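Single-letter residue listing:
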Amino acid sequence: MGLANPNIESGHRADQSEGNFVTTTIDKVVNWGRKNSLWPMPFGTACCAIEMMATLASKFDLSRFGSEAIRFSPRQSDLLIVSGRISIKMMPVLKRIYDQMPEPKWVISMGACASCGGVFDTYTLIQGVDQFLPVDVYIPGCPPRPEDLIDAVMQVQRQIHKGELPKGAEVA
Amino acid sequence: MNEEEKEITEETIPRVLEQLREKFGDALLEEAESQNGVVVVVNKEKSYLLLEYLKTELAYSFLVDVTAVDNSNLESELMKYDYARFMVIYQLYTFEEETSRIRVKVPVHEKELKIQSVTDLWKGANWLERETYDMFGIDFEGHPDLRRILMPDDFEGHPLQKDYPLRGRGERESFNFEKQNV
Ligand code: SF4
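Residues numbered from 1 in each chain as written. Chains lettered and ligands numbered in written order. Predicted model: local features only at pLDDT ≥ 70, side-chain atom pairs only at ≥ 80, totals over all residues. Heavy atoms only, no water.

Draft legend 1. Region of interest: the overall build of chain B. A tally of helices and strands in chain B yields 5 helices and 7 strands. Listing the helices and strands of chain B from first to last along the sequence gives α-β-β-α-β-α-β-β-β-α-β-α. Projected onto its principal axes, the C-alpha coordinates of chain B cover approximately 60 × 35 × 25 Å. Counting every position in chain B, which comprises 182 residues, the buried fraction comes to 47%. Taking as baseline every contact in chain B between residues at least 6 positions apart, the subset at least 24 positions apart corresponds to 56%. Here chain B displays about 10100 Å² of accessible surface, and carbon together with sulfur accounts for 45% of that area. Charge centroids of chain B, computed over 23 positive and 39 negative side chains, lie 4 Å from each other. (Helix = DSSP H or I, 4+ residues; strand = E, 2+ residues; numbered from the N terminus. Buried < 20%, exposed > 50% of the residue type's maximum accessible area, 1.4 Å probe, protein only. Contact = heavy atoms within 4.5 Å. Areas by Shrake-Rupley, 256 points an atom, 1.4 Å probe, with all protein chains shown as cover. Lys, Arg positive; Asp, Glu negative; His and termini not counted. Charge placed at Lys NZ, Arg CZ, Asp CG, Glu CD.)

Given below as structure tokens:
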């Protein structure tokens, strides 16, 4: 990206003909902004949520990646982090929260339970939220370490940077 | 009687048990001692009266929990109480006596799967009894609003009954996600 070009500061230099503008595409600039300001919607329903909280707190500090603005309103967020077990009674709630998020939106399925039910192959547990939601990044582990969550966020960032559409994008 | 429950010897008999014996006599099917408390098994006809007595006369005013056990795999327990499949359990606590805890167990037969509600003694019993109904299918008579509390409203079956399969009877697959109020 040209924005890191040191010459960009030099608009007042005598020689105005070079070094004070960059060329790019609007998509690149938008994506660059988007990937560095992902606002997560935390959906923590079980033990994985504890690790998610640790990731957000000062020690692991997700704000280094521009994602410290945790929104508890789905209407203000663009990254859904499903961390924990989802029961059949909870799934309609989760689906509605996903539906309320504005496009474009990404989904991280954190931990074994959210991704496949984990050890809880029981009468009431959803065996993987990807049956209902378009998941972009899965995180293995029970629970995954905060580094894993950071890695997943960075993976979403890389997808955005490459200009890939989220899994759930409605392509017209 | 399970492992943590000890038999009571006549020298160390707690006062509350003496009072219960005096008042309820034959209705007490079994007595035992457990960690700083006593355990009594009482028949269903007298259970409400016993709980009321414990609350109003003996200061066991704090209802800690209401739950149940399905003993259908436990032949020894079944035999003791005339093949009553379920055991409804009330945990009470007092702040005033040395014997601070008392556990009241009530055998309930499968063919008569109901027991009198204690919601008029303890308001807090409301949700506890709903949970017990939801998980075991025990009907609490006189409960103001006996609905499911954990499982979805249209769920069938009671998951903590021992004959309920771990993976359910297909509720997970056939669940109507559209119909739910969220
Ligand atoms: S994957 Fe493990 S840590 Fe995460 S919610 Fe499931 S049981 Fe808890």
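The discussion continues.
Draft legend 2. The site of the ligand, seen in detail. Surrounding the ligand, one finds Ala46, Cys47, Cys48, Gly84, Arg85, Ala112, Cys113, Phe120, Gly141, Cys142 and Pro143 of chain A. Of the residues that constitute the shell around the ligand, the class distribution is 8 nonpolar, 2 polar and 1 charged. (Near = heavy atom within 4 Å. Nonpolar A, V, L, I, M, F, W, Y, C, P; charged D, E, K, R; others polar.)

Draft legend 3. Fine view of helix 2 (residues 48–56) of chain A. All names here are of chain A. When we look at burial in helix 2, the residues that qualify are Cys48, Ala49, Met52 and Thr55. Projected down its long axis, helix 2 carries its buried residues within an arc of 110°, all on one side. In this fold, the buried residues of helix 2 make contact with strand 1 (40–44), strand 2 (79–83), strand 3 (106–110), helix 4 (111–116) and helix 5 (146–161). (Arc of directions from axis to C-beta.)

Draft legend 4. Main features of the pairing of strand 3 of chain A. Residue and element names in this part refer to chain A. Across the 5 residues of strand 3, 5 count as buried, placing the element largely inside the fold. Burial along strand 3 is two-sided: the face carrying Trp106, Ile108 and Met110 and the face carrying Val107 and Ser109 are both buried. Judged from the 5 bridges that link them, strand 2 and strand 3 form a sheet pairing that is parallel. Residue pairing for strand 3: valine 82 is matched across the bridge by serine 109. Running through helix 3 (residues 91–100), the crossover from strand 2 to the neighbouring parallel element strand 3 is right-handed. Here strand 3 runs beside strand 4 (residues 137–139); their pairing, made up of 3 bridges, is parallel. (Pairing = 2+ DSSP bridges. Right-handed = clockwise from strand over helix to strand, strands pointing away.)

Draft legend 5. Layout of the side chain of lysine 105 of chain B. Structurally, the position occupied by lysine 105 of chain B is in strand 5 (residues 101–108). Sequence-distant contacts of lysine 105 of chain B, that is, excluding residues within four places in its chain, are made with Glu5, Val39, Val40, Val41, Val42, Met87, Val88 and Ile89 of chain B.

Draft legend 6. Expanded view of the sheet that holds strand 1 (residues 28–34) of chain B. Residues and elements named next belong to chain B. Taken together, 5 strands build an open sheet; the order of strands is 1-2-5-4-3 and the sheet is mixed. Since the sheet does not close on itself, it has two edges, and those belong to strand 1 and strand 3 (62–70), each with one partner. In this sheet, neighbouring strand axes are inclined to one another by 20° on average, regardless of whether the strands run parallel or antiparallel. As judged from the 6 bridges shared by strand 1 and strand 2 (residues 37–42), these two strands associate in the antiparallel manner. What sits directly across from glutamate 31, in strand 2, is valine 40. Contacting strand 1, strand 2 and strand 5, helix 1 (residues 15–24) crosses the sheet at an angle of about 180° to strand 1. Docked against the sheet, helix 4 (residues 125–136) engages strand 3 and strand 4 (86–93), running at close to 5° with respect to strand 3. (Axes fitted to C-alpha atoms, helices over the stretch in contact; angles between N-to-C directions.)

Draft legend 7. How the structure looks around the sheet that holds strand 4 of chain A. Residue and element names in this part refer to chain A. Read from one edge to the other, the open sheet built from 4 strands follows the order 1-2-3-4, with strand pairing classed as parallel. Two strands in the sheet have a free side with no partner beyond their single neighbour: strand 1 and strand 4. In this sheet, neighbouring strand axes are inclined to one another by 15° on average, regardless of whether the strands run parallel or antiparallel. Its contacts with the sheet place helix 2 against strand 1, strand 2 and strand 3, and it is angled at close to 135° to strand 2. On top of the sheet, helix 3 reaches strand 1, strand 2 and strand 3; it is set at about 165° to strand 2, its chief contact.

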